[in-house]
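Single-letter residue listing:
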Number of protein chains: 2
Amino acid sequence: MLTEVIHEMLTDRQLFLLQLLVNDYVVSAEPVGSRSIAKREDVTFSPATIRNELADLEEMGYLEKTHLSSGRVPSEKGYRFYVDHLLSPALLSDDELGNIRHAYHERLSETEELIRVTAKILSEFTNYTAIMLGPELLEMKLKHIQMVKLNQNQAVLIIVTDTGHVENRVVAIPKSINADDIEKIVNILNDKLNMVPLYQLQSRLNAEISGVLREHVRDYKRVMTLLNNSLTISDPEQIFYSGKNNMLAQPEFQDVDKIIPLLDVLEGKELIRELMSMPSNGLHIRIGRENKLNGIEDCSLITTTYSVGGEHLGTVAVIGPKRMAYPRVITLIDMVSKLLTENLNKQERHDR
Amino acid sequence: MLTEVIHEMLTDRQLFLLQLLVNDYVVSAEPVGSRSIAKREDVTFSPATIRNELADLEEMGYLEKTHLSSGRVPSEKGYRFYVDHLLSPALLSDDELGNIRHAYHERLSETEELIRVTAKILSEFTNYTAIMLGPELLEMKLKHIQMVKLNQNQAVLIIVTDTGHVENRVVAIPKSINADDIEKIVNILNDKLNMVPLYQLQSRLNAEISGVLREHVRDYKRVMTLLNNSLTISDPEQIFYSGKNNMLAQPEFQDVDKIIPLLDVLEGKELIRELMSMPSNGLHIRIGRENKLNGIEDCSLITTTYSVGGEHLGTVAVIGPKRMAYPRVITLIDMVSKLLTENLNKQERHDR
DNA sequence: TGTTAGCACTCGTTCTTCCTGAGTGCTAAT
DNA sequence: ATTAGCACTCAGGAAGAACGAGTGCTAACA
């Protein structure tokens, strides 16, 4: 790969050095000097030569110095180039592969559990933070609706989706409505709304169903406001975190003043929005300021997606320092998202 | 209060000084010296006198020095004495009172939501971390059980409790069992298990119900293992955190090496066990090493409980540094737990 | 006898100063 | 084109000085 002319300006040796330097910096977290590069067995030329090359790479914007006489550190452009052209996926040891597969063999029944396990594996094997966006609630389709009366005034409204997800909320039941009414209402809803995506529930209710209800049910008005209130799906995403505290172990975040804003951003809604705005297929990497979001300028975000039956279901993300073990994370996130997809489809296959 | 002889060994002036010193240290987080105490308006005697008194208090074990010539800091014994004898509950400003009451007026429908709001208020108004243990699932009683078929092989089992809580799990349905069977099973379960506490479900199933099932249902064996698996309530507690990151702002946890173990403990199961082991009524304070749990030696834990209809429901806890604003936290936790109880009982009252 | 002023002493903190070592760029020789 | 050599830079650590907030103790005082 190195022998091809990838970028018109860079010689093979420069490519080689850039790759070496990034690899080195990723593990050491210290600026890399010419001497330490020259010490490597596979480097035949002298520190002086390396200095010349590194100076050129710096001039072209791939490297930076932390101060006038320091070693070099990759710039964002450098990372970007590395990620785009110099990266070869990491290999996992048999041990690790075994452990990962093992974790999936435990239980493949519940979607949520599967996602949670995936997040945990990702964060534990990368030592960074994993964030998973679950299947979008709004895209799920209604499988069954049910009302269970708790007492004179309250009932639980239960919505089961085609994926087996269960939403529920407590609703106040007006005195004017009795058990028979409720049964009637629920029957109508189940009849008319079967397999309707949740985001359409409300509009369908008001368009098609209100008429039917008016005919068959007493106190039609109250029922409608009740249903309107409870069929609003407010929380559009399920979010699973794992390894939030892993960030604290990274040398770039030893300073408490950096940790607090970072953790705040990590848990904040903006990050989720950012994640949702990522392209919805394939693997994507955002390095440092490529994330428009404030507070994670020193972080990189790697995302991919998982799906079932070809349908986009959710997002898998790893966030870590810019100085990230990209090859390893890429391999892991790719593997894990495929395993997740695979397991979800295994469930699905049973269906038909 | 000060004029009574509370502790045979301590003079009124010593009590006064101890109280002053703790109050001061709680806000400043710096060892308190004789001079700074003497500066206060309500202190009429000189630094030298204060030094003598503080030396006595130190001898008796209520105070400590961080080094030979430093100011004094309360010892755990000092905090304990302060908490037991010197504390007067803090007053909240009308503004704060208003805000708190306002937060509760929003929605009083869902138990979980109510608990979550309470945790948020506590952490925001104390600037420490709030942990709430929700109603013990196992104590809840079964209100309704339901199975919704998702596809050929899977169904969702839904358990609704008397409190409106909904548990659900995906179960695999053996081919030998059809929709009619399921309906029969569910009807039997609803009939026999109504208002049975969740922790009894399994034993009741095996004792009383297995016989009935054997008579009415095909493939009795598979059904029993299926039910046995899914009626095991694994997660005995609902836990709500709020303000986990507030700890990071405390001066005693500026050091990253202290933060990591602290956050780990905070999220760990041992702490929850510790919380559950607290006496189940009234307000309780554990200072520093009084918590047997490793990792929170420098923290204090204040807990109380909330209930509905006189029945113990769950635990409210605030964890912060030993150097905690005890009066304020006590006032807040007390107030908030009462508001929570009140609101829960308001729901309850509707029932009868 | 309890209180206080005075004083010597301790020790953490901060500010310098100095030194070292790892790094650089540049120049001249190979 | 490469490299040895050299002067230069700069972060980081060590050593020391000065500071100041605190102490305990003693002696004087009301």
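See above for the structure.
Residues numbered from 1 in each chain as written. Chains lettered and ligands numbered in written order. Predicted model: local features only at pLDDT ≥ 70, side-chain atom pairs only at ≥ 80, totals over all residues. Heavy atoms only, no water.

**Side note on the relation of the copies chain B and chain A**
Once chain B is rotated about the relating axis by 180 degrees and shifted along it by 0.0 Å, it coincides with chain A to within an RMSD of 0.2 Å. In the structure described here, the two chain copies are related by an operation that fits a two-fold rotation axis. Across chain B, the rotation axis passes nearest the C-alpha of Val256(B), at a separation of 3.4 Å. Of all interface residues in chain B, 100% are interface residues in chain A too; the two copies therefore contact each other through one and the same surface. (Least-squares fit on C-alpha atoms with pLDDT ≥ 70 in both. Contact = heavy atoms within 4.5 Å.)

**A short note on the interface of chain B and chain A**
Across the contact, 38 residues belong to chain B and 38 residues belong to chain A. Between chain B and chain A the total buried area reaches about 3000 Å² when both faces are included, carbon and sulfur atoms providing 57% of it. When residues of chain B are sorted by the area they lose upon contact with chain A, Leu150(B), Asn245(B) and Val256(B) head the list and together hold 16% of the total. Between the two partners, chain B and chain A, sit five residue pairs in polar contact (both at pLDDT 80 or more). Top contributing element to the side of chain B that touches chain A by residue count: helix H10 (residues 256-267) of chain B, with six residues. Considered class by class, the residues forming the side of chain B that touches chain A number 14 nonpolar, 15 polar and nine charged. (Buried area = accessible area lost by both parts, 1.4 Å probe. Polar contact = N/O pair within 3.5 Å; in protein donor to acceptor, adjacent residues only side chain to side chain. Helix = DSSP H or I, 4+ residues; strand = E, 2+ residues; numbered from the N terminus. Nonpolar A, V, L, I, M, F, W, Y, C, P; charged D, E, K, R; others polar.)

**Concerning the protein's contact with DNA strand C**
Surrounding DNA strand C, one finds 19 residues, the nearest of these being Ser34(A), Arg72(A), Arg13(B), Thr49(B) and Ser69(B). Put simply, 79% of the atoms of DNA strand C that lie within 4 Å of the protein are in sugar or phosphate. Measuring from a base nitrogen of DNA strand C, one finds a side-chain N or O atom of Arg51(A) at 3.3 Å. For DNA strand C, a phosphate oxygen lies 2.8 Å from a polar atom in the side chain of Arg13(B). The set of elements that each furnish at least two residues to the surface near DNA strand C consists of helix H3 (47-59) of chain A together with helix H3 (47-59) of chain B. With four residues, H3(B) is the single largest residue contributor to the surface near DNA strand C. A breakdown of the residues in the surface near DNA strand C according to their chemical character gives four nonpolar, ten polar and five charged. (Near = heavy atom within 4 Å.)

**Here we look at the sheet that holds strand E4 (residues 142-149) of chain B**
All names here are of chain B. Taken in spatial order, the three strands line up as E4-E5-E6 in an open sheet, and their pairing is antiparallel. Edge positions in the sheet fall to E4 and strand E6 (166-172), since each of these pairs with one other strand and no more. On average, each strand axis in the sheet is inclined to that of its neighbour by 20 degrees, with strand direction left out of account. Looking at chain direction, strand E5 (residues 154-161) and E6 are connected through seven bridges and run antiparallel. Counterpart to Ile158 in the pairing with E6 is Asn168. Of the strands in this sheet, E4, E5 and E6 are in contact with helix H9 (residues 220-230), which crosses E6 at around 140 degrees. (Pairing = 2+ DSSP bridges. Axes fitted to C-alpha atoms, helices over the stretch in contact; angles between N-to-C directions.)

**Details of the protein's contact with DNA strand D**
Close to DNA strand D lie 19 residues, the nearest being Arg13(A), Thr49(A), Ser69(A), Ser34(B) and Arg72(B). Of what DNA strand D places within 4 Å of the protein, 79% of the atoms are sugar or phosphate. A distance of 2.5 Å separates a phosphate oxygen of DNA strand D from a polar atom in the side chain of Thr49(A). In the model, a base oxygen of DNA strand D is placed 2.4 Å from a nitrogen or oxygen of the Ser69(A) side chain. When contributions to the surface near DNA strand D are tallied by element, the ones reaching two or more residues are H3 of chain A together with H3 of chain B. For the surface near DNA strand D, the element with the highest residue contribution is H3(A), accounting for four residues.

The quantities given are spatial measurements derived from coordinates; they are silent on function.
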